[in-house]
Amino acid sequence: MAQRPAGAKNVSGNIIVCGRSYLIDAPVVNYFDNTSFSAYRRACYKGPSGTPTEAIFPFSPAKGLGQMASRFRERRLMGGKRDLSVLQQVVRQFVIHHDGCGSSLDCFHVLHDERGLSVHFLIDNDGTIYQTLDLADCAFQATGVNEISIGVELSSRGEVKLDGPEYYRKRGIKREITEITIHTSRYQMWEYTTEQYGSMFALGKALTRILPNLPQVYPQMNSDLVRTWITDPRNFAGYIGHYHVTNNKWDPGCFDFKRLSQKIQARATWFVCLDRGECQHSPEIADDEPKAEDQAVELVRNNEEDAMGGYFPVGPFGKSRLWHGGIHLSMSDSAPVFSPFPGKIVAARFGDDVAIGSRNFVLVKHSFNLAGKAISFYLLYFHLEREDASSARTPWFQGADKKPFYTAIQNDEVAFPDVEIAGGDLIGHAGQAGPPGTLESQVHVEVMSIDELGQVLQPGFWHPIDAGKSGHFCDVPEILGPIDRPQGAGDGLLTERELRGFFQKDDRRSEMRKLAVRFQSEWGQSPEYETALLRSKDFAKMPKGARARLFRDQVEPTLWWTQEAAQKTGLPDDYIVWHYHPVRFVAWMNAQLKKQSSVTAAKVEERKGPAADKVLDDRESLEGFTDDEDELSMEAGQKLNLEDLAKGYPEETKEK
């Protein structure tokens, strides 16, 4: 069940997802920080009079929960797993409520002790977020969508007439009064506080990087917010109100969904600090397109105008036709390196340096459902500093000495951590690399994909070149021609001067960033690699012994892509993959994610029929929170498949 993640502290600012802490830019008190807000307790905290009690069951239970000690259940679509990658496929809704209470503590007492209910988050008047459940678990908060949603209760007394217009002023809380129509009925209610909106923005932005299949949209018709229940809410993906799910609720009333959506639009982050120095957080790709382009130009300039070289797609040593799948970025010592997207660390190595410096790396696999298609790609970060399991500087590696993969790390071997990370997470630090004797702080960043993703998502954006049969050396005239030009006539070889001249001065270099090129990776431990290098015309002027030393000292130590690595990571065993310019790819994929985040998963229609006779808020009502899905026994629920869950639960599966 709930296990305390490493590093959890009092008032930590961390939300808990699949047992791991994620620091967000808001005041967060999770159920480890304050156990009085834990929905995992299988008993009441207080009785009807507000005093401590030994009662197990809720004393005024919601429908179907009278004899249930648990205030939550496992998500059945998770299949017993608590992996972030599985949760990302399950959760596609965020349900927003208002609680009808004066504070989040009052709300938790009502939910847990009176009703036997739960919600993942509560946001108090001052913006403090209380988390009561890991998002991997299913809260009892919204009829019919609990399995695929997370929920939040915003503290609000709701209608002004309940307490009079002086209620919040007397408590020193600034709230305006507004009027709103829900289910065709008019309500005069309290606006949400500035602090509550701020915490919702921070929470929503964090979730865009943790749950990429949760779009930043809300139910609309003709560009206007739908203010009543909708047909088939389970098929909607995005942010919804409780009133969208059922006709007997009007919460969250006046909540501004448009304002929230505009603030939390999904965006990726860059993989390094834009100024080459230290930054506390991963640098977001700017929402403003001209600013985003300026950021990209800064990173490209770092690569192409710096003296180190390491260009895409050729020339890792600055003087050969060897394929080079990524770019080198000049960094300050130990500069942080971030993951632009959520993903899984599938391979890593942290060992001793060699002649060319660091051969340490982290390989991250990213998987998304975009435009109705499942896609995946890999980001490789090479020349990283060695990590220490006892150090607190890189969260995913903390406590690694207690993990099975650490044995490989100790033996200077490639490890396969299988560790989930969120977008923007710190994954390592820039190490030292370069020609022997001239090491500098830098990081190699590379994008790899088994399929040509441009053809899948946006045909025509990338210019594909399939050079899968070219071996380790580029023989593509379209790539070599613009670079190879001694005295205006190419000789089929590339010199350091030619490479620098092209990538630092030639306007045509921008066309190289638009290429998607399929070729054999420089990291593949293929048996013919040494022979190909020794026989290559690129190194023909070097004595044979020098060529052998070049391979032994500068190439062989970097080869990590073995047959085992292919099997463990999902990469092909022939080492041939598509490569993209990392800066342009990350910007492009960010645009794909933004496009996905603004598209609803199903057509929104107002549901036919009137509202319920009594439309209540969450404090007053005993209905609108659970259904047969939540009341089923675990045994019956495990017999249902995804299609059953999507359609709803048949009568014969109800717990007798």
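Residues numbered from 1 in each chain as written. Predicted model: local features only at pLDDT ≥ 70, side-chain atom pairs only at ≥ 80, totals over all residues. Heavy atoms only, no water.

Caption draft 1: Structural context of the overall build of the protein chain. Along its length, the protein chain carries 18 helices and 26 strands. For the protein chain, the proportion of its 656 residues judged to be buried stands at 59%. A separation threshold of at least 6 residues defines the contact pool for the protein chain, and within that pool the share at least 24 residues apart is 71%. Accessible surface computed for the protein chain: about 27,100 Å², of which carbon and sulfur atoms make up 47%. (Helix = DSSP H or I, 4+ residues; strand = E, 2+ residues; numbered from the N terminus. Buried < 20%, exposed > 50% of the residue type's maximum accessible area, 1.4 Å probe, protein only. Contact = heavy atoms within 4.5 Å. Areas by Shrake-Rupley, 256 points an atom, 1.4 Å probe, with all protein chains shown as cover.)

Caption draft 2: Region of the structure containing the state of the cysteines. For the structure shown, the criterion picks out one disulfide. What pairs with C273 in a disulfide is C279, and their sulfur atoms sit 2.0 Å apart. Linking C273 and C279, the disulfide has an S-S dihedral of approximately -85° and is accordingly described as left-handed. Classification of C273 by relative accessible area gives buried; the value is 2%. Here C101 is not disulfide-linked; the sulfur of C107 is the nearest cysteine sulfur, at 4.9 Å. Residue classification places C101 among the buried residues on the basis of a relative accessible area of 1%. (Disulfide = S-S within 2.5 Å.)

Caption draft 3: Focus on helix α3 (residues 194-210). Given a rise of 1.5 Å per residue, 17 residues ought to cover 24 Å, and the 25 Å separating the end C-alpha atoms of α3 matches this to within 8%. With 13 of its 17 residues buried, α3 lies for the most part within the structure. (Expected span 1.5 Å × (residues − 1).)

Caption draft 4: Focus on the packing of aromatic side chains. Here the structure, examined in full by the defined rule, presents 43 aromatic pairs. The interplanar angle of 85° and the centroid separation of 5.6 Å between the aromatic rings of F341 and F377 together place this pair among those described as edge-to-face. One end of the pair, F341, is in the loop between β16 (336-338) and β17 (343-349); the other, F377, is in strand β19 (residues 373-384), with 36 residues separating them in the sequence. When the ring of F350 is compared with that of W396, the centres are 6.3 Å apart and the planes differ by 35°; the resulting orientation is tilted. With a gap of 46 residues between them, F350 in the loop between β17 and β18 (360-370) and W396 in the loop between β19 and α7 (406-410) connect regions that are remote in the sequence. On the basis of relative accessibility, which here comes to 1%, the residue F350 falls in the buried class. Using a relative accessible area of 6% as the deciding quantity, one classes W396 as buried. Aromatic rings pair up to connect F341, F368, F377, F461, W462, Y580, F585 and W588 into one cluster. (Phe/Tyr/Trp six-rings, centres within 6.5 Å; stacked < 30°, edge-to-face > 60°.)

Caption draft 5: How the structure looks around the environment of D126. If you trace the backbone, D126 turns up in the loop between β6 (121-123) and β7 (129-131). In this structure the side chain of D126 is engaged in a polar contact, spanning 3.0 Å, whose partner is the side chain of T128. (Polar contact = N/O pair within 3.5 Å; in protein donor to acceptor, adjacent residues only side chain to side chain.)

Caption draft 6: Representation of the nonpolar core in the model. Of all hydrophobic cores here, the largest spans 75 residues; its most connected members are Y381, W396, I479 and M589. In terms of residues, this core owes the most to one element, helix α15 (residues 582-597), which gives six residues. Formed by 60 residues, the second largest nonpolar core is a distinct cluster that contains Y22, A136, L207 and A422. (Core = buried A, V, L, I, M, F, W, Y, C linked by side-chain atoms within 4.5 Å.)

Caption draft 7: Layout of the side chain of D124. Take D124: it is sitting in the loop between β6 and β7. It turns out D124 is buried and unbridged, and the closest side chain with the opposite charge, R175, is 6.9 Å from it. What D124 contacts, discounting residues up to four positions off in sequence, is S103, S104, Y130, S155 and Q196. (Lys, Arg positive; Asp, Glu negative; His and termini not counted. Salt bridge = Lys/Arg side-chain N within 4 Å of Asp/Glu carboxyl O.)

Caption draft 8: Region of interest: the sheet that holds β6. What the six strands build is an open sheet, ordered β3-β7-β6-β9-β5-β14; its pairing is mixed. Strands with a single pairing partner mark the edges of an open sheet, and in this sheet they are β3 (28-29) and β14 (238-241). Summarising the sheet, β6 and strand β9 (residues 149-154) pair through three bridges and their orientation is parallel. Bridge pairing in β9 links L122 to E153. Against the sheet, helix α2 (residues 104-115) touches β6, β7 and β9, its axis set at about 145° to β6. (Pairing = 2+ DSSP bridges. Axes fitted to C-alpha atoms, helices over the stretch in contact; angles between N-to-C directions.)

Caption draft 9: Local environment of a negative patch on the surface. A contiguous patch of negative charge, built from D288, E289, E293 and D294, is present on the exposed surface. Its place among the elements puts D294 in helix α6 (residues 289-305). (Patch = residues over 30% accessible without salt bridge, like charges linked within 9 Å, V, L, I, M, F, W, Y side chains within 5 Å. Charge placed at Lys NZ, Arg CZ, Asp CG, Glu CD.)

Caption draft 10: View of the environment of P61. Inspection of the secondary structure assignment puts P61 in the loop between β3 and β4 (72-74). The exposure class of P61 is partly exposed, given its relative accessible area of 29%. A sequence separation of 49 residues divides P61 from V110, and the C-alpha atoms of the two residues are 9.8 Å apart.

Caption draft 11: Layout of unusual backbone geometry. Going from D251 to P252, the amide bond is cis rather than trans, its omega being 10°. For P252, the position within the fold is in the loop between α4 (242-245) and α5 (257-263). Of note, H183 is a non-glycine position whose phi angle comes to about 50°, a positive value. Relative to the helices and strands, H183 is located in the loop between β10 (177-182) and β11 (185-190). Of note, the phi angle at S334 is positive, near 60°, even though the residue is not glycine. Within the element layout of this structure, S334 appears in the loop between β15 (326-330) and β16. By relative accessible area, which is 22% here, S334 ends up partly exposed.

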